[in-house]
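Examining the three-dimensional arrangement
In case you want the letters, here they are:
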Amino acid sequence: MTAKGIITGEDGVDRCAWHANLADYQRYHDEEWGKPMADDIRLFEKICLEGFQSGLSWLTILRKREAFRAAFAGFDFDVVAQFGDDDIARCLADTGIVRHRGKIVSTINNARRAQELKAEFGSLARYFWSHEPGGNERPKVVTWEAIAANPTTPTSTLISKDLKKRGWTFVGPTTVYAFMQAMGLVNDHIEGCYCRGRIEDLRRAFVRP
């Protein structure tokens, strides 16, 4: 490790250390995490999987993601909203996913709430990007210490409260902040990670919905 929170890969590139140089985790870090996203299906997938991750490691969820996609119709929330008791039983029997009844039921509930959110705002993307935090909420320098000290933020708390009012479940402030990091509402690649500048460029070019 070259600095706090930075690890040098076998390719000689410095990255955020949390992927621990595991090949699949590193690909997720390099190719997906933090890229600004406006696709409603993928946004719904991300917030649901962050809910499933609660109490577990993200790597566990990442390695089960294809099985989750198969179980939940690719996270098409219009389809998942129609799931019933037979689908709950099917998911509970699916060894490829996390078989937590509460989280499975939550995903179905949240699909119905996602339909309502889309009807109100036009898209999930428009709702979430309307909450993009201003610079006054962001650290001047994104360091490992800053990230570790702030598992929640005022914005993640605000979104969490609003979603809960709307009937969403498994969307606590920590879960919401992890979602914000993953879908690019913030750039939490730390200083020294080669992805940080790339993500900043993508965020500058990104057209907010």
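Quantities reported herein were computed from a predicted structural model and do not represent experimental measurements.

1. Side note on helix α12 (residues 194–205)
When α12 is considered as a whole, its buried residues turn out to be Cys 195, Arg 196, Ile 199 and Arg 203. Within α12, the buried residues cover an arc of 105° as seen down the axis, which keeps them to one side. Seen from the open side of α12, the exposed residues pointing more than 90 degrees away from its buried face are Arg 204 and Ala 205. Tucked inside the fold, the buried residues of α12 contact α1 (23–31) and α8 (124–129).

2. Describing the side chain of Arg 113
Looking at where Arg 113 falls in the secondary structure, it is placed in helix α7 (residues 101–121). With sequence-adjacent residues up to four places away left out, Arg 113 is seen in contact with Arg 166, Gly 167 and Trp 168.

3. Looking at unusual backbone geometry
You will see that Ala 20, though not glycine, has its phi angle at about 55°, which is positive. Tracing the backbone shows Ala 20 in the loop between β2 (14–16) and α1. On the basis of relative accessibility, which here comes to 44%, the residue Ala 20 falls in the partly exposed class. If you check the backbone angles, Asn 21 has positive phi at about 60° while not being a glycine. You can see Asn 21 is positioned in the loop between β2 and α1.

4. Topic: the state of the cysteines
Disulfide: a covalent bond formed between the sulfur atoms of two cysteine residues. For the structure shown, the criterion picks out 0 disulfides. Here Cys 48 is not cross-linked by a disulfide; its sulfur's nearest cysteine counterpart is in Cys 91, at 11 Å. Since its relative accessible area comes to 5%, Cys 48 is described here as buried. For the unlinked cysteine Cys 195, the closest cysteine sulfur is that of Cys 193, found at 4.4 Å.

5. Side note on the side chain of Ser 106
Summarising the element assignment, Ser 106 is placed in helix α7. According to the relative accessible area criterion, Ser 106 is buried, its value standing at 5%. With residues up to four places along the chain from it excluded, the contact list for Ser 106 reads Thr 169 and Phe 170.

About the criteria used
- Residues numbered from 1 in each chain as written.
- Predicted model: local features only at pLDDT ≥ 70, side-chain atom pairs only at ≥ 80, totals over all residues.
- Heavy atoms only, no water.
- Buried < 20%, exposed > 50% of the residue type's maximum accessible area, 1.4 Å probe, protein only.
- Helix = DSSP H or I, 4+ residues; strand = E, 2+ residues; numbered from the N terminus.
- Arc of directions from axis to C-beta.
- Contact = heavy atoms within 4.5 Å.
- Disulfide = S-S within 2.5 Å.

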